Amino acid sequence: MLDGRSMIRRRAGARLWLSALWLGLLCLAAILAPWIAPKDPLAQDLFLGRLPPFWISGSEPGYFLGTDSLGRDVLSRIIHGARVALLVALVAGTITCVVGATLGLLAGFLRGWVDMVISRFIDIWMAFPPVLFSILLIAVLGPGLISIIIAIVVIDWTRFARVVRAEAMAQGAMDYVASARVAGRGRLGTMVREILPNVLPTIVVLLTLEMGIAVIVEAILSFVNLSISTDDPTWGGMIAEGRTSIHQAWWVLVFPLITLFLTVLSFSQLGEGLKDRFDPVLR
Amino acid sequence: MQILRILFLRLLTTLVTLAGVAVIVFFVIRVVPGNPIAMMLPPGATEADVARLSALYGLDKPLPTQFGIWVAGVMQGDFGTSITTRQPVLQLVLSRLPATLELSIMALVMAVILGGIAALVGTRRRGTGTEGAIDIANGMALSVPDFLWGLILILVFGVLVPVFHISGRVTPSLDLPFTTNFYLFESLLRLRFDLWADIVSHMFMPALALAIPLAAIIGQLLKQSLKETMNLDYVTLARTKGYGETRVILREALRNAALPTLTLVGVQFTFLIGGTVIIERLFSYEGLGNMAIDAVINRDLPLIQGIVILFAVIFVAVNMIVDLLYAVLNPRLRHA
Amino acid sequence: MSYLSIRNLSVRLKGGLPLLRRVSLDVAAGEVRGLVGESGAGKSMIGKAVLGILPPAAEITEGEILLDGADLLRLSPAERRRHIGATCALIPQDPLTALNPSHRIGPQITDRLVDILGWTRADADARARALLAEVQIPEPDRVLRAYPHELSGGMRQRILIASAFAAEPKLIVADEPTTALDVTVQKQILKLIAGMQARHGTALLFVTHDLGVVSKVCQQLSVLYSGMVVEDTPVRDFFATPRHPYSAALLAATPKYTDPSAGLNPVPDAVIEAVRAEVAAFDRRAAHG
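Because the structure is predicted, anything quoted here is derived from the model rather than measured.

Trainee: Can you lay out the overall build of chain C for me, pointing to particular residues and giving the numbers?
Mentor: Looking only at helices and strands, chain C features eleven helices and ten strands. By principal-axis analysis of the C-alpha atoms, chain C measures approximately 60 × 50 × 35 Å. Counting over 289 residues, chain C shows a buried share of 42%. For chain C, the proportion of contacts with a sequence separation of at least 24, taken over those separated by at least 6, is 66%.

Structure follows, in structure tokens:
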């Protein structure tokens, strides 16, 4: 059937590639930051404070997207900020995924008291406001990259555990699992060899989404000034500064915001796109 | 009998959850480095001063004892005293609760309206480009969290086209005749529409930022549910009676389609309430969330405890209300 | 002049498979026409086309449906809806799914009267009570206030029948109205429909796969195979001397109520092949013409 909806859906296949492209560019920028950033992201120059971006009169050559109130180059800070953002996304996302998926798999497959304990913890975790919880944890752990990663893992493992648990339960009830057990495979063996591969697509999709969430959490924490040291450029920190000078220098807020927006959107669109790929029946 | 049993079990698990939250918060925040007592005292205070004040707040006793004292207090409605303001935690928290509740409920209403419209229009125009466009808009709204929508709204409606206030709950220079902290409701009851407009103008953007992701979820779920319902026999029968498509959707399909959406919206609404923490900060809105962040930054342990417990109670309460609503709306359960 | 007249109606799945092949049939006012055929023969599709409730994947490619002299396919969608709503009704197949679970029974019987035909609530309620008495439902007040899940399948089918007759339609499409019911209830429901039809003088398009039912209720009969009408005949003639070989085989395949020992005689392969060849020849002609 060729209707308007399927036309748009077909175009939606492009979103997967666009998302991957943006994230790829961002990775390159993060890795090559010291070489491609036009300025030192920390260099202050009060005589060059609040320079507008290049197309507005009053801009200075070399300060492509303008400067903040301390005269630091916005573009260079965005490029360097990508390092923190992507590092948190990759490391925190992966650890959260491993911890959460393992617990979910154990709960869903072993059932019994293991499931009871893990499920109870999930319930308790669901009763915490996540943002408040993360701020609390950072206050306890002290600011810093490691603290952010720990906070994300501690808070978000339930995202994986809940879904993987349900999925593992559904798979565990299927005949092929029973036949594997009959064929003499042990419990752990069945879990790793039979259940895990079937749950893996879901886990990969969740991981992609979690990376986007990790980027946001880092931005929120730097926004409330609890992320890594205040000097290091982070998108959230830039946004916090831009929020205060929004009427004098909107560009300090707008450019990191656009970058953050596109990055979060890309991670989630990548996840949605992968979901379509893995499971054509689902949508 | 059966229903009582289920109710009892439900209450029990809820209590376990709340107790779990209490234990975790209590012990997590006792690990906070930096002595909150030292922060309270003026520079030059002696060790003896610190010890005296610690004793006053019970901070010199071992942790389990402290926990026992705290739990005993909570049972009597005493959540301790805020270290920074020296006021009872319960009083502080309750004074801020109305602001957060009003914000959350306004956001919920906005989300239901926006999501409902998206679902209804999408169902009415199913199979067309309009539905595709709604799907894409939903996808976007869902991908981006409330924090970013808040920033975008600030840029658009605060700076580009400054129509709404970007910070605070009410214009500070206004004279407020209110006796409660439910400004939004009380201004309506007192027929002070000038104040009401000012409050709504302050709430609009934070509420919308919170509403957008939830609206997308409602839109998606409800549309899918509506489309499935539209293929059922009683809908087909209604068509033969001479009802138009819009009428059929609203009258026959909507109510039945809304039921499955409702349970999921309950969970999502707790996420929305959790989101108020950062959104209130972003819009300098004087609610619980903003107070919570200040409390964390100031290391105000009793206050943090009180706020987190209150949030947990709200979350649990929302889930229970949703279950009740589901039973009320579903005639099958109501008469069972 | 016949009340419903279908001329050369062709329906297919969008962009493909034909579902109805140039179907023509007439239903006179007050007459009962049976539509028989095996599942997939398109018998339900005819009723759906008349009532304007074809599935979205199906489309009408040619033909006319004259209802009370007006060609439904030439009316605007809104006019068509109103015309059908005012003159026709449907008795659906499955009473368990055909009532809205979140509305009470009363409004489901009277909604059309109030919303479309502009009756007052009181008139409509009185009408509903009278109808429930007519379909032999005791305690009408309790039933009108009940929700569908509180009633049995047979009760619900009676309510659907009452609802169909509510606005005194000129034509009712009964889409296998007894198939989903217990065998014990089937007979009562069938008798009820036949009795109501006779009293109200309503024309009836009766879709069924059961020739026994046809012999009891119908006056005219259309036999369908693969979306094609292979025989159109008065019922009496059909049981005496079926003209088309497929009809004859279908008749032979039906267990005799009078003689259960005769057993089942499936339609012979040769007959199926012959009728298939007929369909193929039709499609060839359609492709060239």
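Trainee: Outline the overall build of chain A, listing residues and values.
Mentor: Across its full length, chain A carries ten helices and zero strands. Starting at the N terminus and walking to the C terminus, you meet the elements of chain A as α-α-α-α-α-α-α-α-α-α. Taken along the three principal axes of its C-alpha coordinates, chain A extends 75 × 55 × 30 Å. Taking the contacts inside chain A whose residues are at least 6 apart along the sequence as the reference set, 70% of them involve residues at least 24 apart.

Trainee: If you had to explain the sheet that holds strand 4 (residues 58–67) of chain C to someone new, which residues and values would you point to?
Mentor: All names here are of chain C. Judged by pairing direction, the sheet is antiparallel, and its four strands sit side by side in the order 2-1-4-5 without closing on themselves. Edge positions in the sheet fall to strand 2 (18–28) and strand 5 (70–71), since each of these pairs with one other strand and no more. The pairing of strand 1 (residues 2–13) with strand 4 spans eight bridges and is classified as antiparallel. Each residue of the ladder has a partner; that of R7, found in strand 4, is E64.

Trainee: Residues and numbers for the interface of chain C and chain B, please.
Mentor: In this complex, chain C contributes 25 residues to the contact, which on the side of chain B involves 16 residues. Where the side of chain C that touches chain B is concerned, the elements lending two or more residues are helix 2 (77–87), strand 6 (88–91) and helix 3 (105–116) of chain C. Here the element with the most residues in the side of chain C that touches chain B is helix 2 of chain C; it accounts for six residues. The residue inventory of the side of chain C that touches chain B, partitioned by class, reads 14 nonpolar, five polar and six charged.

Trainee: How would you sum up the environment of A:R243? Please name residues and give values.
Mentor: All names here are of chain A. As for its position among the elements, R243 is in helix 9 (residues 235–244). On the neighbour-count criterion, R243 (21 C-beta atoms within 10 Å) is buried. Considering only alpha carbons, one finds R243 and V254, eleven residues apart in sequence, at a separation of 9.4 Å.

Trainee: I'd like to hear about the interface of chain A and chain B, residue by residue, with values.
Mentor: Interfaces are often sized by the accessible area lost when the parts come together. With 36 residues of chain A at the interface, the matching set in chain B holds 42 residues. Among the secondary structure elements, those contributing two or more residues to the side of chain A that touches chain B are helix 1 (4–31), helix 4 (112–126), helix 5 (130–141), helix 8 (187–223) and helix 10 (251–278) of chain A. No other element matches the ten residues that helix 10 of chain A contributes to the side of chain A that touches chain B. Partitioning the side of chain A that touches chain B into residue classes produces 25 nonpolar, five polar and six charged.

Trainee: Let's hear about the sheet that holds strand 7 (residues 171–175) of chain C: which residues, and what values?
Mentor: All names here are of chain C. Read from one edge to the other, the open sheet built from six strands follows the order 6-7-8-3-9-10, with strand pairing classed as mixed. Taken across any chain shown, the strands that pair with only one partner, and hence form the sheet edges, are strand 6 and strand 10 (228–234). The average undirected angle you get between the axes of adjacent strands in this sheet is 15 degrees. Here strand 7 runs beside strand 8 (residues 203–207); their pairing, made up of five bridges, is parallel. Residue pairing across strands places L171 opposite A203, the latter belonging to strand 8.

Trainee: Explain the pairing of strand 3 (residues 32–36) of chain C to me, using residue names and the numbers behind them.
Mentor: All names here are of chain C. Within strand 3, five of the five residues are buried, which leaves the element mostly enclosed by the surrounding structure. Across the two faces of strand 3 the burial is the same, with V32, G34 and V36 and R33 and L35 all buried. Pairing of strand 3 with strand 8, which is carried by four bridges, proceeds in the parallel orientation. In the strand pairing of strand 8, G34 is matched with F206. The pairing of strand 3 with strand 9 (residues 220–225) spans four bridges and is parallel. Opposite V36, over in strand 9, you have V223 as the bridge partner.

Trainee: Please give an account of unusual backbone geometry that cites residues and values.
Mentor: Despite not being glycine, A:R111 shows a phi value in the positive range, around 55 degrees. Within the fold, A:R111 resides in the loop between helix 3 (74–110) and helix 4. Positive phi is not limited to glycine here, since C:N8 has a value of about 50 degrees. Within the secondary structure, C:N8 is located in strand 1. Overall, the presence of 12 C-beta atoms within 10 Å leaves C:N8 in the exposed class.

Trainee: Which residues make up the pairing of strand 10 of chain C, and what values go with them?
Mentor: Strand direction decides the pairing type here: strand 9 of chain C and strand 10 of chain C, joined by six bridges, are antiparallel. Bridge assignment links C:S222 to a residue of strand 10 of chain C, and that residue is C:D232.

Trainee: Just give me the short version of the environment of B:V308, but keep the residues and values in it.
Mentor: Relative to the elements of secondary structure, B:V308 occurs in helix 13 (residues 301–329). Taking the C-alpha atoms as reference points, B:V308 and B:R96, separated by 212 residues in sequence, lie 13 Å from one another. The contact partners of B:V308, leaving out residues within four places of it in the chain, are A:F128, A:L132, B:V21 and B:V25.

Trainee: Describe helix 7 (residues 146–160) of chain B, listing the residues and the values that go with them.
Mentor: Structural remark: α-helix, 3.6 residues per turn; residues separated by three or four positions point the same way. Taking 1.5 Å of rise per residue, 15 residues should cover 21 Å, and helix 7 of chain B covers 20 Å from first to last C-alpha, within 8% of that figure. Those residues of helix 7 of chain B that are buried are in contact with helix 8, helix 9 and helix 10 of chain A together with helix 9 (193–229) and helix 11 (245–282) of chain B.

Trainee: Which residues make up the packing of helix 3 of chain A against helix 6 (residues 145–172) of chain A, and what values do they have?
Mentor: Residues and elements named next belong to chain A. At a closest axis distance of 5 Å, the pairing of helix 3 and helix 6 adopts a crossing angle of 40 degrees. Between helix 3 and helix 6 lies a crossing whose hand is right-handed. Looking at side-chain class alone, the contact of helix 3 with helix 6 contains 23 nonpolar, six polar and five charged residues.

Trainee: Got a sec to walk through the confidence of the model for chain A? Specific residues and values, please.
Mentor: Residues with a pLDDT of 70 or more make up 92% of chain A, whose mean pLDDT is 84. The element-level mean pLDDT for chain A is lowest in helix 1 of chain A, coming to 77, with helix 3 of chain A highest at 93.

Trainee: So what's going on with the packing of helix 9 of chain A against helix 10 of chain A? Which residues, and what values?
Mentor: Residue and element names in this part refer to chain A. Two elements in contact, helix 9 and helix 10, have axes whose closest approach is 8 Å; the angle formed by their N-to-C orientations is 145 degrees. Of the two possible hands of crossing, helix 9 and helix 10 adopt the one that is left-handed. For the pair helix 9 and helix 10, contact is made by W235, M238, I239, E241, G242 and R243 and by V252, L253, P256, L257, T259 and L260, respectively. Here the residues of the contact of helix 9 with helix 10 are counted per class, giving eight nonpolar, two polar and two charged.

Trainee: So what's going on with helix 10 (residues 245–253) of chain C? Which residues, and what values?
Mentor: Residue and element names in this part refer to chain C. Residues of helix 10 that are buried include every one of Y246, S247 and L250, and no others. Down the axis of helix 10, the buried side of the element spans an arc of 100 degrees, and every buried residue falls inside it. Elements that come into contact with the buried residues of helix 10 comprise helix 8 (211–217), strand 9, strand 10, helix 9 (235–240) and helix 11 (269–288).

Trainee: Got a sec to walk through the confidence of the model for chain C? Specific residues and values, please.
Mentor: Residues and elements named next belong to chain C. On average, residues of chain C score 88 in pLDDT, and 96% of them reach the 70 mark or higher. Helix 11 is the least confidently modelled element of chain C, averaging 82 in pLDDT, while strand 8 averages 95, the highest of any element. Among the scores for the predicted complex, ipTM is 0.88 and pTM is 0.86.

Calculation rules
- Residues numbered from 1 in each chain as written.
- Chains lettered and ligands numbered in written order.
- Predicted model: local features only at pLDDT ≥ 70, side-chain atom pairs only at ≥ 80, totals over all residues.
- Helix = DSSP H or I, 4+ residues; strand = E, 2+ residues; numbered from the N terminus.
- Buried ≥ 20, exposed ≤ 12 C-beta atoms within 10 Å, placed from the backbone.
- Contact = placed C-beta atoms within 7 Å.
- Pairing = 2+ DSSP bridges.
- Nonpolar A, V, L, I, M, F, W, Y, C, P; charged D, E, K, R; others polar.
- Axes fitted to C-alpha atoms, helices over the stretch in contact; angles between N-to-C directions.
- Expected span 1.5 Å × (residues − 1).
- Left-handed = near helix turned anticlockwise from the far one by under 90°.
- pLDDT = per-residue confidence, 0-100.
- Arc of directions from axis to C-beta.

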